[in-house]
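Take a look at the letters that make up each chain.
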Amino acid sequence: MTVTFTALEPFGVEVTGASGGRLVDRRAADECRAALDEHGVVVYRELDIGDDDLVAFTRLLGEPLVSKTGEHRHPEIDTITLDPGRTNAALAAMRRGNFHWHIDGATIDVPQKATLLTAREVDPAGGDTEFANTFLAYRELPEAEKAELDGLRVVHSFAAAQSRAVPDASERERAAWERVSSRTHPLVWTRRNGRRSLLVGATAGEVVGLPAEDGRALLDRLTEWATRPRFVLRHRWRRGDLVIWDNTGMLHRAMPFEPTSRRLMHRTTLVGEEAVA
C-alpha cells in the first residue's frame, strides 16, 4: 500500500497507507520528521500502533523522555486518563490542566521537542485535541506589534498553570506548586534557523518589568490571538489514531471530558533539542 501525505487546513498533514509495525523504519521516521518540521502536526489515522512499536518509532525520531510516573511497563510511556480507576488523584488533578492552552516543558530551559499521542479508547462526548500554531500567529502580527514584543520576557511556572486548572486549591496545594522551579523566557522564541513563535499559554504568569495587570492583559490578548480559528487545527479522535506535534511551536489543549470517561491515551515524548532564546 502506498503511503500518502495529505495537507490539512489550516495546517498539519494526514498520513494514510501506513501501518503500526511498518512505521518502525528509518525511512518512515525520516519522512515523519520532515513532515513535522514542515507542517507542525502529523496525523496517522487509525494506525493501531502497539506499545512496543510506539516506543521503537519514538526512538527513531529522537531521544525519548523517561516518564516520572512509572505507570506503564515501558518507562517511556505515560497513560493519559482522568478515570480514578486508572490513575491516582494527584495525576488526575494535574492532567485537568490539559484543558487549558499550553506547551509542554515551558518551565524548563529546553522544552520537549515533540509529543506522540495515540488513542487506546475514545469518548464520543468529548476529548478532542486542538492545536494552535504559534509560528503562524507570530508571523501574522502587525510589524509594529512585533517590535513592541521584542525583548519582553515572561515568567513561566507550574503554579500559574495549576491555578487555572484548580482555582479552588488549598493553601497547601498552592505551596506545593510554588516549590516547583519556574523559568523566565523571551515572549518571542527565536530559533537557530530564524523562525519565530509566541511563547504563551497557561504557564505564562507575568511579564517581567510590567505591572501585574498590564502583563496579564498582554498575555491574555496574545493567547486569544494565537488561538483564533485561523491558527487552530482540531483533531477528532478515532480509536488507534496516532498524532505527533511539534511541541515547541504548537499550543495544545484537550477539549473537556468527564473524569469517569473511558478516554485513554498513551503518550511518548521527545527530549528537547533547542533551548529557548
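Residues numbered from 1 in each chain as written. Predicted model: local features only at pLDDT ≥ 70, side-chain atom pairs only at ≥ 80, totals over all residues. Heavy atoms only, no water.

**Let's talk about the environment of Asn193**
No. 1: With respect to the secondary-structure elements, Asn193 resides in the loop between strand S9 (188-190) and strand S10 (196-198).
No. 2: Asn193 gets classed as exposed once you look at its relative accessible area, which sits at 58%.
No. 3: Here Arg195 takes part through its backbone nitrogen, which lies 3.0 Å from a polar atom of the side chain of Asn193. (Helix = DSSP H or I, 4+ residues; strand = E, 2+ residues; numbered from the N terminus. Buried < 20%, exposed > 50% of the residue type's maximum accessible area, 1.4 Å probe, protein only. Polar contact = N/O pair within 3.5 Å; in protein donor to acceptor, adjacent residues only side chain to side chain.)

**Thoughts on the sheet that holds strand S2 (residues 13-16)**
Within a beta sheet, neighbouring strands are joined by backbone hydrogen bonds and run either parallel or antiparallel to one another.
No. 1: Spatial ordering of the open sheet is given by S1-S2-S3-S13-S5-S15-S4, a layout of seven strands whose pairing is mixed. Strands at the two margins of the open sheet, each flanked by one partner only, are strand S1 (4-7) and strand S4 (78-80). Looking at each pair of strands side by side, their axes are set apart by 25 degrees on average, direction ignored.
No. 2: As paired elements, S1 and S2 share four bridges and run antiparallel to each other. If you follow Thr6 over to S2, its bridge partner there is Glu14.
No. 3: The strands that helix H1 (residues 26-39) touches are S1, S2, strand S3 (41-44), strand S5 (114-121), strand S13 (242-246) and strand S15 (264-270); relative to S3, the one it contacts most, it runs at about 130 degrees.
No. 4: Packing of helix H2 (residues 51-61) onto the sheet brings it into contact with S3, S5, S13 and S15, and relative to S15 it is tilted by some 25 degrees. (Pairing = 2+ DSSP bridges. Axes fitted to C-alpha atoms, helices over the stretch in contact; angles between N-to-C directions. Contact = heavy atoms within 4.5 Å.)

**What to know about the pattern of salt bridges**
No. 1: Enumeration according to the criterion identifies 25 salt bridges in this entry.
No. 2: A salt bridge links Asp37 to Lys113; its shortest N-O distance comes to 3.8 Å. Highlighted residues: Asp37 in helix H1 and Lys113 in the loop between helix H3 (89-95) and S5, separated in sequence by 76 residues.
No. 3: Judged by relative accessible area, Asp37 falls into the partly exposed class, the value being 42%. (Salt bridge = Lys/Arg side-chain N within 4 Å of Asp/Glu carboxyl O.)

**Quick look at the side chain of Thr107**
No. 1: Inspection of the secondary structure puts Thr107 in the loop between H3 and S5.
No. 2: Classification of Thr107 as buried rests on a relative accessible area of 17%.
No. 3: Setting aside chain neighbours within four positions, we find Thr107 in contact with His156, Ser157, Phe158, Ser181, Ser182, Arg183 and Thr203.

**What to know about the packing of H1 against H2**
No. 1: Contact pair H1 / H2: the axes reach a minimum separation of 9 Å and the direction vectors enclose 65 degrees. For the pair H1 and H2, the crossing hand works out as right-handed. Contact residues: Arg26, Ala28, Ala29, Cys32 and Arg33 in H1; Phe57, Leu60 and Leu61 in H2.
No. 2: Across the contact of H1 with H2, the residue classes tally to six nonpolar, no polar and two charged. (Left-handed = near helix turned anticlockwise from the far one by under 90°. Nonpolar A, V, L, I, M, F, W, Y, C, P; charged D, E, K, R; others polar.)

**A closer look at H1**
An α-helix turns once per 3.6 residues; consequently, residues spaced three or four apart project the same way.
No. 1: Relative to the 20 Å expected for 14 residues at 1.5 Å per residue, H1 spans 20 Å between its end C-alpha atoms, a close match to the ideal helical length.
No. 2: Of the residues making up H1, those classed as buried are Ala28, Ala29, Cys32, Ala35 and Leu36. Taken end-on, H1 shows its buried residues confined to a sector of 125 degrees, consistent with a single buried face. Structural note: H1 exposes Arg27 and Glu38 on the side pointing more than 90 degrees away from its buried face.
No. 3: The elements touched by buried residues of H1 are S1, S2, S3, H2, S5 and S13.
No. 4: The N-terminus of H1 is capped by Asp25, whose side-chain oxygen sits 3.0 Å from the backbone nitrogen of Arg27. (Expected span 1.5 Å × (residues − 1). Arc of directions from axis to C-beta.)

**What to know about the packing of aromatic side chains**
No. 1: Throughout the structure, instances matching the rule amount to four aromatic pairs.
No. 2: Considering the side-chain rings of Phe99 and Phe257, the 5.4 Å spacing of their centres and the 80 degrees angle between planes classify their relative orientation as edge-to-face. With Phe99 in the loop between H3 and S5 and Phe257 in the loop between strand S14 (250-254) and S15, the pair connects residues that are 158 residues apart, well separated along the chain. Each member of the pair, Phe99 as well as Phe257, carries the same accessibility label: buried.
No. 3: Seen from the ring of Tyr138, Lys146 lies directly overhead, with NZ or CZ sitting 5.0 Å from the centre. (Phe/Tyr/Trp six-rings, centres within 6.5 Å; stacked < 30°, edge-to-face > 60°. Lys NZ or Arg CZ within 6 Å of the ring centre and 35° of its normal.)

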